[in-house]
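# Analysis of the macromolecular model
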Amino acid sequence: VSTQSTWDYPQAFVAGSDVGKLVLLEHGAARGARQLYEFPSFPKLTCLHVNCTDEHFLTSGYGNDVGLYDLREGRAARTLRGLHTKHINVLKFAHTSPRLFATSSFDRSVKLWDLRTDCHRPTASHELERGAVMCCFSDDDRYV
């Protein structure tokens, strides 16, 4: 299960399962977790990440597409298709820029994307010798 904290509910987080179920949960010490909302599913989910403004989250899985979800409206905003040629292992939003995110894939690449574009081409890309299993931003977002 992947989790990320989020917005108006100080004790809320998004969780996802490998069958693609995506939920917003609220954690209360006395009562455990309570489901607040269920989002449209994302098949074969392996990763999710919430942006720095708690407005959106991204999902990836055993495929080459990415799901963008709107937390405030509780809906799937769009599907970014074909970002890689093999499945996307990890995706991460930047720490300070809510529209920038990076992806890593077994197609041996790490790519930087900007949601202010159509995401047909990455903002930057780097090829590796082997499949990329992880990516993350430096604390100041200067490096991926």
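Quick caveat: nothing in here was measured; it's all calculated off a predicted structure.

Formed by 21 residues in total, the largest nonpolar core has its most connected members in Leu-58, Val-66, Leu-80, Leu-83, Phe-101 and Leu-115. Among the elements of the structure, strand 7 (66–70), strand 9 (88–93), strand 10 (100–105) and strand 11 (109–114) are those that each provide at least two residues to this core. Examining the composition of this core, we find that four residues originate from one element, strand 9, more than from any other. For Leu-115, the contacting residues outside a window of four places in its chain are Leu-68, Arg-78, Leu-80, Phe-93, Arg-99 and Phe-101. By size, the runner-up hydrophobic cluster in this structure holds twelve residues, among which are Val-14, Phe-42, Val-50 and Tyr-69.

Summarising the element assignment, Val-23 is placed in strand 3 (residues 22–28). Accessibility expressed as a relative area gives 8% for Val-23, which makes it buried. Here the alpha-carbon distance between Val-23 and Ser-109, two residues 86 residues apart in the chain, equals 30 Å. With residues up to four places along the chain from it excluded, the contact list for Val-23 reads Phe-13, Val-14, Ala-15, Gln-35, Tyr-37, Glu-38 and Phe-39.

What follows deals with unusual backbone geometry. Positive phi outside glycine occurs at Lys-44, with the angle close to 55 degrees. Relative to the helices and strands, Lys-44 is located in the loop between strand 4 (32–39) and strand 5 (45–50). A relative accessible area of 52% means that Lys-44 is categorised as exposed. Located in the positive-phi region is Cys-119, a residue other than glycine, with phi close to 60 degrees. Inspection of the secondary structure puts Cys-119 in the loop between strand 11 and strand 12 (124–127).

In terms of burial, strand 7 is a largely internal element, five of the five residues being buried. Here strand 7 shows two buried faces, one formed by Val-66, Leu-68 and Asp-70 and the other by Gly-67 and Tyr-69. In this structure, strand 6 (residues 56–61) lies alongside strand 7, joined through four bridges in antiparallel fashion. Along strand 7, the bridge assignment pairs Leu-58 with Leu-68. In sequence, strand 6 turns back onto strand 7 through a hairpin of four residues. Taken together, the five bridges between strand 7 and strand 8 (residues 75–80) define a ladder with antiparallel strand orientation. Bridging from a neighbouring strand, Leu-68 pairs with Arg-78 of strand 8. Here strand 7 hands over to strand 8 after four residues, with Gly-74 in that stretch at a positive phi of 65 degrees.

What counts as what
Residues numbered from 1 in each chain as written. Predicted model: local features only at pLDDT ≥ 70, side-chain atom pairs only at ≥ 80, totals over all residues. Heavy atoms only, no water. Core = buried A, V, L, I, M, F, W, Y, C linked by side-chain atoms within 4.5 Å. Buried < 20%, exposed > 50% of the residue type's maximum accessible area, 1.4 Å probe, protein only. Helix = DSSP H or I, 4+ residues; strand = E, 2+ residues; numbered from the N terminus. Contact = heavy atoms within 4.5 Å. Pairing = 2+ DSSP bridges.

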